[in-house]
Amino acid sequence: MRRMRALPRAVAGNYVRWQVKGVIKIIFRVIIAPAEESTGNKVFGGVSGVVVSHIGTVAFSGVEALPVDVQVMIAPGKMSMSIVGLPDKTVAESRERVQAALHAAALSMPVKKVTINLAPADLPKEGSHYDLPIAVGLMAAMGVLPPQIGEDYIILGELALDGSISQVNGVLPAAMTAIAMGKGLICPASCGSEAAWAGEELDILNPENLLALANHFKGVQILTRPRPLAREVQAEPADLADIKGQETAKRALEVAAAGRHNILFVGPPGAGKSMLASRLPSILPPLAARELLDIAIINSIAGENTDGMISLKRPFRAPHHSASCAALIGGGLKARPGEISLAHNGVLFLDELPEFSPRVLDSLRQPLESGQCVIARANHHVTYPAAVQLVAAMNPCRCGMAGEDGRGCGRQPRCRADYQARISGPLLDRIDLRIDVPALTAAELLQPAQAESSAAVAARVLAARARQKQRFIALGTHNIIANGDCPAALVEKMAVPDKGGAELLRNISEKRHFSARAYHRVLKVARTIADLDKAEIISRKHLAEALAYRLGSENLAGSA
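Computed from a predicted structure; not experimentally measured.

Each value, and the rule that gives it
Residues numbered from 1 in each chain as written. Predicted model: local features only at pLDDT ≥ 70, side-chain atom pairs only at ≥ 80, totals over all residues. Heavy atoms only, no water. Helix = DSSP H or I, 4+ residues; strand = E, 2+ residues; numbered from the N terminus. Buried < 20%, exposed > 50% of the residue type's maximum accessible area, 1.4 Å probe, protein only. Contact = heavy atoms within 4.5 Å. Pairing = 2+ DSSP bridges. Axes fitted to C-alpha atoms, helices over the stretch in contact; angles between N-to-C directions. Salt bridge = Lys/Arg side-chain N within 4 Å of Asp/Glu carboxyl O. Polar contact = N/O pair within 3.5 Å; in protein donor to acceptor, adjacent residues only side chain to side chain. Parallel < 35°, antiparallel > 145°, perpendicular 65-115°, else oblique. Left-handed = near helix turned anticlockwise from the far one by under 90°. Nonpolar A, V, L, I, M, F, W, Y, C, P; charged D, E, K, R; others polar. Phe/Tyr/Trp six-rings, centres within 6.5 Å; stacked < 30°, edge-to-face > 60°.

Caption draft 1: Structural context of the overall build of the protein chain. Secondary structure summary: the protein chain contains 24 helices and 19 strands in total. Each of the 560 residues in the protein chain was classed as buried or not, and the buried ones make up 49%. Pairs at least 24 apart in sequence give 72% of the contacts found in the protein chain among residues at least 6 apart.

So this is what it looks like as structure tokens:
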């Protein structure tokens, strides 16, 4: 004190501040730094007071979930919170949701500078599922949660202002990525049953809010593992037995189901085209395990699993003819899957086919051939699976009466030609069966229904699919399940006609100027018809029926 009195007042004040800073440094070295080391959080670069935690999450590219490292740094400085790493507006807005959720959980933001980096920084980050990993990273850096949580779990979820965790899309592919990385998964409570389908070995935590997650790691409130749930498959109300007449169209529908071939119904309004198309799912085989998982992943990305359950039924998508290219193929601001991808491993039904935009219809050509949609962007591209069975229906002309007995079109032939010209030849070339569906007479409608049920037809379809599967396994191709999916390189190995059938096919091909694609598709349809007949050799009658389906609609025969 004597020394301080002898000094000027300004110098004495500086001396006191130096002493206080020295005491603070000692407190940090002796008390704070060991406490931070005991929690396992990293002291960044050896700089005092800087703590970094790492939390694992994912970014979605198509149906893939790519690993993302959420790095949360708390450092001395003016109180702020910034997010870097190419976030979109939804991710940037998570600052407000995270802060409100922490306050609701009786936690306050640190009075320091908080920086959040989403690595890799060149990968676009979209969606609200980054809320929960950011909040968990902050809680781990503050010592509320154990630091190893970032090493043990993949985390995703959206935070509400009251601290509850809301449902997000993409939980199932995120769970698959977690299994591949040897980690567990933390997801919203409403998504737990969906994540459980990834496998029994996956450790899943599905808390309802941040407090439940913190209590679980404290041992106060242990979360139980969710069970996989599926929607109940109700009895199919649409049955082939409901349709009177149209035996040729029903036979063609059976062939299409057995070989997964594309089919087009042409007929006047009210002939039963849409009824026939809606009955196709009732005769298709049940989903295999791999098909079910692929469908569930696409629905998870698209947000179709709103109740956390997955569907056991084959998809049947019927978009309106006013649908845009992005709606049908996929795209938009976040490159979401379109109707053709949502119909993967199922049926895509396009009613009133010529009413679709020609540009939209032509965009189907590449996905129908390759079984996938590639959505290109300036800095990246997204791929969605699109292995669908196309079913289309159309009128012969705009008024719908062309070719009908006693009900002629007053603007022929131009009405028919202009209407059918909206469908390009290359698209028609990818349709294997083209069937005329004539209008039924009053006498036919008055007759009692004696049609075959969908169950009887489905049994024949399932037996034909089994024969196809065995054939493809023998050829060394385990990923092909139906004749319609067979590549051109294998067609001439698995579909060899006899002498009479080969001569018939050659004559018709030369007369009609078949393309190589049309030639192979006729062979694949003939192979399916032979499988339904339990025949190993494709005979002349099988090829004759396949050619009749190819040329069945004389109105369109000249187009492809």
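The structure having been displayed, the exposition proceeds.
Caption draft 2: Spotlight on the sheet that holds strand 19 (residues 433–436). Pairing is parallel across the open sheet formed by five strands, whose spatial order is 12-15-18-11-19. What marks the edges here is a single partner per strand, and that holds for strand 12 (316–317) and strand 19. When strand 15 (residues 347–350) meets strand 18 (residues 389–394), the two strands line up parallel, connected through four bridges. Among the inter-strand pairings, Leu350 is bridged to a residue of strand 18, identified as Ala392. Across the sheet, helix 10 (residues 247–259) is in contact with strand 11 (263–266), strand 18 and strand 19; its angle to strand 11 comes to roughly 165°.

Caption draft 3: Molecular detail of the pattern of salt bridges. By the definition in use, this model includes 22 salt bridges. Salt-bridge contacts for Arg97 lead to Asp131; the nearest nitrogen and oxygen are separated by 2.5 Å. Taken together, the residues span a long stretch of sequence, with Arg97 in helix 4 (residues 94–104) and Asp131 in helix 5 (residues 131–141) at a distance of 34 residues. You'll find Arg97 and Asp131 in the same group, each marked buried. Its salt-bridge partner being Asp531, residue Arg471 comes within 2.6 Å of it at the nearest N-O pair. Taken together, the positions of Arg471 in helix 20 (residues 454–474) and Asp531 in helix 23 (residues 516–532) put the pair 60 residues apart, joining distant regions of the chain. Taking the relative accessible area as the measure of exposure, Asp531 reaches 1% and is therefore buried.

Caption draft 4: Structural context of the environment of Asn262. Secondary-structure assignment places Asn262 in the loop between helix 10 and strand 11. Overall, Asn262 belongs to the buried group, its relative accessible area being 6%. Separated by 128 residues in the primary sequence, Asn262 and Leu390 have C-alpha atoms spaced 4.8 Å apart. Not counting chain neighbours up to four residues away, the residues in contact with Asn262 comprise Val388, Gln389, Leu390, Arg430, Ile431, Asp432, Leu433 and Arg521. Here Arg430 takes part through its backbone oxygen, which lies 2.9 Å from a polar atom of the side chain of Asn262.

Caption draft 5: Expanded view of the packing of helix 5 against helix 9 (residues 210–218). Where helix 5 meets helix 9, the axes come as close as 12 Å, and the angle between the chain directions of the two elements is 45°. Here helix 9 runs oblique to helix 5, going by the angle between their axes. Considering the relative orientation of helix 5 and helix 9, their crossing is right-handed. On helix 9, the residues touching Leu132, Ala135, Val136 and Met139 of helix 5 are Leu210, Leu213 and Ala214. When its residues are assigned to classes, the contact of helix 5 with helix 9 shows seven nonpolar, no polar and no charged.

Caption draft 6: Molecular detail of the environment of Leu390. Tracing the chain through its elements places Leu390 in strand 18. C-alpha separation for the pair Leu390 and Phe349, spaced 41 residues apart in sequence, amounts to 6.2 Å. Beyond its immediate stretch of four places on either side in the chain, Leu390 contacts His261, Asn262, Ile263, Leu348, Leu350, Leu368 and Ile431.

Caption draft 7: Structural context of the packing of aromatic side chains. For the coordinates displayed, the defined rule picks out two aromatic pairs. Relative to Phe217, the ring of Tyr153 has its centre 6.2 Å away and its plane inclined at 85°; by these criteria the two rings are edge-to-face. In this pair, Tyr153 sits in strand 6 (residues 153–155) while Phe217 sits in helix 9, placing the two residues 64 residues apart along the sequence. With relative accessibility at 9%, the residue Tyr153 sits in the buried group. Assessed through its relative accessible area of 28%, Phe217 is described here as partly exposed.

Caption draft 8: Structural detail: the pairing of strand 18. Among the six residues that make up strand 18, six are buried, leaving the element largely enclosed by the rest of the structure. Examined bridge by bridge, strand 11 and strand 18 share four bridges and lie parallel to one another. The partner of Val266 across the bridge, within strand 18, is Met394.

Caption draft 9: Representation of helix 7 (residues 171–180) in the model. Buried residues dominate helix 7, accounting for seven of its ten residues. All of the buried residues along helix 7 are Val171, Leu172, Pro173, Ala174, Ala175, Thr177 and Ala178. Contacts from the buried residues of helix 7 go to strand 2 (51–61), strand 3 (64–75), strand 6, strand 9 (184–186), helix 8 (192–195) and helix 12 (289–302). Phi turns positive, to about 75°, at Gly182, one or two residues after helix 7.

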